[in-house]
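# Analysis of the macromolecular model
Residue-level listing of the chains:
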Amino acid sequence: FIVGISPTLLGLDSQHYVPEIKIDQLTQKSVALWHPQKVSISRFSTSLPFYWNGYYTSALLNPLQEITDLLRDLSATMLEARGIQRKQGLELLVRYYQLASTIARDQCNYQAAFFYANRAVKLSRCLEQNELLASSFLRRSFISFEQNNFEAALIDLNAACLYARFARSPLKGLVFQVAGHVQAQLSQSGSEQKQALSLL
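Since this is a predicted model, take the numbers as computed values, not measurements. (Residues numbered from 1 in each chain as written. Predicted model: local features only at pLDDT ≥ 70, side-chain atom pairs only at ≥ 80, totals over all residues. Heavy atoms only, no water.)

### Looking at helix 4 (residues 83-106)
Under the convention used in this document: Working definition: helices are DSSP H or I runs of at least four residues, strands are E runs of at least two. Numbering for both runs from the N terminus. Every helix has an expected span of 1.5 Å times one less than the residues it contains. Think of it in three bands: with a 1.4 Å probe and only protein chains considered, a residue is buried below 20% of the maximum accessible area for its type, exposed above 50%, and partly exposed in between.
With 24 residues, helix 4 ought to run about 34 Å at 1.5 Å a step, and its terminal C-alpha atoms sit 35 Å apart, in line with that. Most of helix 4 sits out of view: 17 of its 24 residues are buried. Directly beyond the C-terminal end of helix 4, a positive phi value near 60° is found at Cys 108.

### So, the packing of aromatic side chains
Rule in force here: The criterion for an aromatic pair is that two Phe, Tyr or Trp rings (for Trp, the six-membered ring) have centres within 6.5 Å, with stacked assigned to planes under 30 degrees apart, edge-to-face to planes over 60 apart and tilted to the rest.
A full pass over the atoms with the stated rule returns 5 aromatic pairs. With 5.2 Å between their ring centres and 75° between their planes, Phe 115 and Tyr 116 make a pair best called edge-to-face. The class of Phe 115 is partly exposed, set by a relative accessible area of 41%. Taken together, Tyr 97, Phe 115 and Tyr 116 form an aromatic cluster joined through their ring pairs.

### Description of the packing of helix 5 (residues 110-127) against helix 6 (residues 130-146)
So the rule is basically this: Comment: axis = line fitted to C-alpha atoms, over the contacting stretch for helices; angle = value between 0 and 180 degrees taken between N-to-C directions. Here the word oblique covers every angle except those under 35 degrees (roughly parallel), over 145 (roughly antiparallel) and from 65 to 115 (roughly perpendicular). In this scheme the crossing of two helices becomes right-handed for a clockwise turn of the near helix relative to the far one and left-handed for an anticlockwise turn of less than a right angle. Note on definitions: a residue-residue contact is assigned when non-hydrogen atoms from the two residues lie within 4.5 Å. Lys, Arg, Asp and Glu make up the charged group, whereas Ala, Val, Leu, Ile, Met, Phe, Trp, Tyr, Cys and Pro make up the nonpolar group; the residues left over, Gly among them, are polar.
Where helix 5 contacts helix 6, the two axes come as close as 9 Å, and the packing angle between them is 160°. Viewed along their axes, helix 5 and helix 6 adopt a mutual orientation that is roughly antiparallel. By crossing handedness, the relation of helix 5 to helix 6 is classed as left-handed. Counted together, Tyr 110, Ala 113, Phe 114, Ala 117, Asn 118, Ala 120, Val 121, Ser 124, Arg 125 and Leu 127 of helix 5 and Leu 132, Leu 133, Ser 136, Phe 137, Arg 140, Ile 143, Ser 144 and Glu 146 of helix 6 form the full contact between these two elements. Here the residues of the contact of helix 5 with helix 6 sort into 11 nonpolar, 4 polar and 3 charged.

Encoded structure:
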């Protein structure tokens, strides 16, 4: 309908096909939305909640492999991205790295978990975004905590607290709560106990 080809010429019954888009509605503004770069970044953005939810509802057969493939594709897309598209793509990369580190940690694949978590932290530092930094340090601290390396976990949590002060309340509260919990595990003096309580 857009290019004016009759449905009959395409082997279609014209009585059963009605154009969903009117020709006069095809403005330059609407056509610009379909720039390949924008479509690619938008696709990865839309997929992220699906993969988080799909992972926790066991809808993915091999979640870590699927996320690894997505990370490869997103990284390839980023080679062509510029301006705001590049910034959005880098933020998405951080969030996909966080998801990959979470999956690897849940599978007790701590080497892979640290690999993805370190990438998330490094990229977050480049972007200089408080919430991404706070959440990246927080997720990396979980890996150390599960391995009973409380000192390393506390180092990451202290870093997360610095950035969480400027984050939204839910993330800020979670970071301080976890930091207080780990601090309580390590406290050996009254002042350290007070610090743990103040975080909680």
